[in-house]
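# Observations on chain architecture
These are the residues of each chain, in order.
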Amino acid sequence: MLESTRCATTYLFLALRFCPGRGVCLSTLPEKRATHGPRFCPGCGVCLWQAKILEGTAPDIMPLPSEPAMPKVYLDNSSTSWPKPPGVIRAVTEYLEDVGCNLNRTGFATTCVLNKRTREARGRLARLFNYPDPQHVVLTPSITTSLNMVIKGLFKRGDHVLVSGMEHNAVTRPLFQMRRRGLSFDMIPCFGNGELDPDDLAPLIRPNTRAVITIHGSNVCGTILPIKQMGRVAREHDLLFIVDSAQTAGILQLDMVAQHIDILCFTAHKGLLAAPGVGGLIIPPSLARRIEPLVAGGTGVLSELDDMPDDLPMRLEAGTPNLMGYYGLCAALRWLARVGTNRIHTREIELYTQLLSGLQSIRGLRIHGTQNPSTSLAVLAITTPGLDIGQVAYRLDRKHQVITRCGLHCAPYANRTIGTWPSGTIRLSPGYFTKKSELTYALSALEESLYYVHSTMGQSR
Ligand SMILES: Cc1ncc(COP(=O)(O)O)c(C=O)c1O
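Cut-offs used in this document
Residues numbered from 1 in each chain as written. Predicted model: local features only at pLDDT ≥ 70, side-chain atom pairs only at ≥ 80, totals over all residues. pLDDT = per-residue confidence, 0-100. Contact = placed C-beta atoms within 7 Å. Pairing = 2+ DSSP bridges. Helix = DSSP H or I, 4+ residues; strand = E, 2+ residues; numbered from the N terminus. Axes fitted to C-alpha atoms, helices over the stretch in contact; angles between N-to-C directions. Core = buried A, V, L, I, M, F, W, Y, C linked by C-beta atoms within 7 Å. Buried ≥ 20, exposed ≤ 12 C-beta atoms within 10 Å, placed from the backbone. Domains from an automatic or database assignment. Expected span 1.5 Å × (residues − 1). Arc of directions from axis to C-beta. Parallel < 35°, antiparallel > 145°, perpendicular 65-115°, else oblique. Left-handed = near helix turned anticlockwise from the far one by under 90°. Near = placed C-beta within 6 Å. Nonpolar A, V, L, I, M, F, W, Y, C, P; charged D, E, K, R; others polar.

## Let's talk about the confidence of the model for the chain
The predicted coordinates should not be examined in detail at positions where pLDDT is low. Residues at a pLDDT of 70 or more form 84% of the chain, whose mean pLDDT is 88. A low-confidence stretch, residues 1–47 stays under pLDDT 50, and its non-local contacts, those more than four residues away or across chains, total 78 contacts.

Dropping the structure here:
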């Protein structure tokens, strides 16, 4: 087997045609170096194991020598859920095969069919999040788009907002952009396990504070934030409360009324179990009118207006929508309504508990997060003191077909909070469809990978 003659470093090295640091073509390097697999790029000294590769931004990945076929164990549901529930693929195909037309821009009968399905999706989302009016459910291409719309559309020079210390770049990057336009923001400090004390919020409020924006569940280590209590503090101080539910929608109860949420941003492709390419936000019209739409264009109706229409959802939905995505979302929401959030959450707790106790029994690991199923999503973040997490995750993937995600998970500030900056963590995130036997397999694969990386240490230099 190739495995016995070439170390994992070589595989990684072969996988990169260009050094992520400089863009130097690695295949032009002498064979000897390539075979020994330098840990650092000889061109510029960038560590080849580092997050650039692992976050998937390496410019070109060459095919690797394949291992014997083995079913993949998918533990990356925090990135995107997989597999999808029965009916989702069929619904996407139904749109492509049988409908195929554009919403509000085609024949009357088809427009009616499309409108019916889109209305159903909005209605189901409004019900799921306990919001009274489905017309205020705006569908976007992603939650990143939704958060950008809100952050860039709602605040102005001189405003101040508060965010948790666990945010994703989908919140912090637009905020940093807005900072250059005169917005200021502070982070509410969180504990090393990602938890936040809602009492820490009020002392940070200033006269010009306008909003609290928070993640509901951490995509880095799974910690669930106390949004109901945070929402109450925001309400008491007359601040907007904006929630990023990317990791929790479909898994935890979200109730916009009881949790005092003014704007809820969501994505379809994670816990809502639909295909990538659809996100959204639920926003009352009084706030939507204050937002200058980030994107303006065709709505299919009211074309005589020079500006985007005032009415929701149109005001924030310019351009041709992702209709096959809407069909898939509708099917996923039907399935979710049948199964129920409680059952999904219960299943995730079971998987979390099994994975946590397995990880706790492996020597040489550090587990991050609360390590408590009542305060965590089924997301487990680990580091491997003394061993490079990139090598471990690589071995898990290439040798054992266990798919995890390694690095900062687009959340540098959350990693600072939990003490895993700058390398990040290996994240294992099972989903509703993960089998317990798959977790058992993944745990032994992890043990083997730790052993392997430990035993080959030094060979790559
Ligand atoms: C908490 C959180 N917010 C926002 C996002 C961004 O999601 P998307 O890339 O689908 O827009 C993610 C994705 O991982 C996330 O986990």
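Next, the rest of the story.
## Quick look at the sheet that holds strand 2 (residues 137–140)
Taken together, the seven strands give an open sheet; going across it, the order is 2-8-7-6-5-3-4, and neighbouring strands pair in mixed fashion. The sheet is open, and its two edges are formed by strand 2 and strand 4 (184–188), each paired on a single side. Looking at each pair of strands side by side, their axes are set apart by 20° on average, direction ignored. Across four bridges, strand 7 (residues 263–267) lies against strand 8 (residues 279–282) in antiparallel orientation. What sits directly across from Cys265, in strand 8, is Leu281.

## Quick word on the nonpolar core
Grouped together as the largest cluster of nonpolar side chains are 115 residues, with contacts concentrated most on Leu264 and Leu329. The element best represented in this core is helix 11 (residues 323–339), accounting for nine residues. Residue contributions to this core reach at least three from each of two domains, namely domain 1 (47–82 + 341–455) and domain 2 (88–339).

## A few points about helix 6 (residues 108–128)
Between its terminal C-alpha atoms helix 6 stretches 30 Å, which fits the 30 Å expected from 21 residues at 1.5 Å a residue. Among the residues of helix 6, those classed as buried are Leu114, Arg117, Thr118, Ala121, Arg122, Arg124, Leu125 and Leu128. The buried side chains of helix 6 occupy one side of the element, clustering within an arc of 160° when seen end-on. Turned more than 90 degrees from where helix 6 packs its buried face, Phe108, Ala109, Cys112, Asn115 and Lys116 sit exposed. Check the buried side of helix 6 and you find it contacts helix 5 (88–99), strand 2, strand 8 and helix 11. Where helix 6 ends, the next residue or the one after it, Asn130, has phi of about 50°, a positive value.

## Side note on the pairing of strand 7
Along strand 7, five of the five residues are buried, which leaves the element largely enclosed by surrounding structure. Of the two faces of strand 7, the one lined by Ile263, Cys265 and Thr267 and the one lined by Leu264 and Phe266 are each fully buried. Here strand 6 (residues 240–244) runs beside strand 7; their pairing, made up of three bridges, is parallel. Considered in strand 7, the bridge of Ile242 is made with Ile263.

## Some remarks on the packing of helix 12 (residues 341–360) against helix 15 (residues 436–455)
As a packed pair, helix 12 and helix 15 sit with axes 10 Å apart at the nearest point and diverge in direction by 20°. Taken as axis vectors, helix 12 and helix 15 run roughly parallel relative to one another. As helix 12 runs across helix 15, the sense of the crossing is right-handed. Within the contact between the two elements, helix 12 uses Leu351, Gln354, Leu355 and Gly358 and helix 15 uses Lys436, Leu439 and Leu443.

## Here we look at the site of the ligand
Near the ligand you find 13 residues, and of these Ser142, Thr144, His168, Asn219 and Ala246 are the closest. Of the residues contributing to the shell around the ligand, the split by class is five nonpolar, seven polar and one charged.

## Details of the packing of helix 7 (residues 143–154) against helix 8 (residues 169–179)
The interhelical angle for the contact between helix 7 and helix 8, taken along N-to-C directions, is 35°, at an axis separation of 9 Å. For the element pair helix 7 and helix 8, the recorded crossing hand is right-handed. Between helix 7 and helix 8, the residues in contact are Ile143, Thr144, Leu147, Asn148, Ile151 and Lys152 and Ala170, Val171, Pro174, Leu175 and Met178, respectively. In terms of residue class, the contact of helix 7 with helix 8 is made up of eight nonpolar, two polar and one charged.

## Some thoughts on the sheet that holds strand 12 (residues 405–407)
One open sheet holds the four strands; their spatial order is 9-10-13-12, and the pairing between them is antiparallel. Looking at the sheet topology across the chains shown, the edges are occupied by strand 9 (366–368) and strand 12. Pairs of neighbouring strands in the sheet enclose a mean axial angle of 30°, with direction left out of account. Sheet topology places strand 10 (residues 380–383) next to strand 13 (residues 425–428); three bridges connect them, and they run antiparallel. Note that in strand 13 the partner of Ala381 across the bridge is Arg427.

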